[in-house]
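# Summary of the model geometry
Next come the chains, spelled out residue by residue.
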Amino acid sequence: MQSTEPPLLTSLRSPRVIAARKLAKRNQRSKERRFLAEGPQAVREAVAYGRLDSGEHAVVEIYLTLEAAERHAEIVDAALAEGLPVLTATDEVIGEICDTVTPQGIVALCRFLDTPFEQVLAMEPQLVAVLAHVRDPGNAGTVLRTADAAGADAVILTDASVDPYNPKAVRASVGSLFHLPFAVGVPVEQAVARLREAGVRVLAADGAGDRDLDQELDEGTLGAPGAWVFGNEAWGLPEETRALADEVVRVPIHGHAESLNLATAAAVCLYASARAQRSPGGCRAKG
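Glancing now at helix α8 (residues 137-149). An α-helix turns once per 3.6 residues; consequently, residues spaced three or four apart project the same way. End to end, α8 covers 18 Å across 13 residues, agreeing with the expected 18 Å (1.5 Å per residue, within 8%). Turning to α8, its buried residues are Pro 137, Asn 139, Ala 140, Gly 141, Val 143, Leu 144, Thr 146 and Ala 147. Its side-chain oxygen placed 3.0 Å from the backbone nitrogen of Gly 138, Asp 136 serves as the N-cap of α8.

Given below as structure tokens:
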């Protein structure tokens, strides 16, 4: 794809552009079961994701500027090798499609990726992050990224949580949305009950917990299959949700900080479990 070729998409009134822009709204995303993944990292991972269970590729088509096509030639080559449509566009068109103020020149139109909750359970997950009442898309995307990095098996977003396909959530996941299974719209009571039935120990992360993370680590209890439930950014977990868990655990504050934000607390908890599970006697320890 050479820079001398004229862009294929030049009009802001193109049906493709109008349809893509409408995906900024949650109800339209849900109706179409499609979302946008902006930036080279997200598009690269979207292309690498491959095909869904339906046989369709996760990517519908890719839009990018001529400059981005030259700068990210490896993404273009990989997309074309998969038989995916790659359409060049003007800077104005990309700016109209994207949610960011300063787009990176490349965006993929993708199909929904979420996995049915029962299918997640059938995978016999050993480390799960449950987002209950999480409303901030940036936090949701960051926890997805953290769970991916910690080697979690899945993320569950309850029916009271933010849409993981929100543009801010997709960007914050930095491609991790395409790496690990996630279920959406699961009532928190159902999520906790079914995980416990599957032999997964459920821990509610809350600053008012009776136990702290150091105790869990010292006593070796984090080595078993576990799920962490994380609550709302402002008011944490309600009492009825805490009551569902096997334990309510706080991250100890050794200094003078009042608390940790959601994404930081999630990182501390998930990595503590990840290390314990890989230590001798942990459920992921190698024979």
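The rest of the description comes next.
Looking now at the sheet that holds strand β8 (residues 201-205). Neighbouring strands of a sheet are bound in pairs by backbone hydrogen bonds; such pairs are parallel or else antiparallel. Read from one edge of the open sheet, seven strands run β7-β6-β5-β10-β8-β11-β9, paired in parallel fashion. Where the open sheet ends on each side, the last strands, each with one partner, are β7 (182-186) and β9 (211-212). Pairing between β8 and strand β10 (residues 226-230): four bridges, direction parallel. Opposite Ala 204, over in β10, you have Val 229 as the bridge partner.

As a further point, take the nonpolar core. Of all hydrophobic cores here, the largest spans 57 residues; its most connected members are Phe 35, Ile 62, Leu 113, Val 155, Leu 177, Trp 228 and Phe 230. Excluding residues within four positions of it along the chain, Phe 230 makes contact with Ala 129, Val 130, Leu 131, Ala 132, Val 134, Ala 205, Leu 237, Leu 262, Ala 265, Ala 266, Cys 269 and Leu 270. Membership of the second largest hydrophobic core comes to 22 residues, among which are Val 120, Ala 154, Ile 156 and Val 200.

Residues Ile 253, Leu 260 and Val 268 make up a contiguous nonpolar surface patch of roughly 200 Å² in combined accessible area. With respect to the secondary-structure elements, Ile 253 resides in the loop between β11 (247-250) and α13 (262-278). We classify Ile 253 as partly exposed; its relative accessible area is 37%.

Scoring rules and cut-offs
- Residues numbered from 1 in each chain as written.
- Predicted model: local features only at pLDDT ≥ 70, side-chain atom pairs only at ≥ 80, totals over all residues.
- Heavy atoms only, no water.
- Helix = DSSP H or I, 4+ residues; strand = E, 2+ residues; numbered from the N terminus.
- Expected span 1.5 Å × (residues − 1).
- Buried < 20%, exposed > 50% of the residue type's maximum accessible area, 1.4 Å probe, protein only.
- Polar contact = N/O pair within 3.5 Å; in protein donor to acceptor, adjacent residues only side chain to side chain.
- Pairing = 2+ DSSP bridges.
- Core = buried A, V, L, I, M, F, W, Y, C linked by side-chain atoms within 4.5 Å.
- Contact = heavy atoms within 4.5 Å.
- Patch = residues over 30% accessible without salt bridge, like charges linked within 9 Å, V, L, I, M, F, W, Y side chains within 5 Å.
- Areas by Shrake-Rupley, 256 points an atom, 1.4 Å probe, with all protein chains shown as cover.
- Salt bridge = Lys/Arg side-chain N within 4 Å of Asp/Glu carboxyl O.

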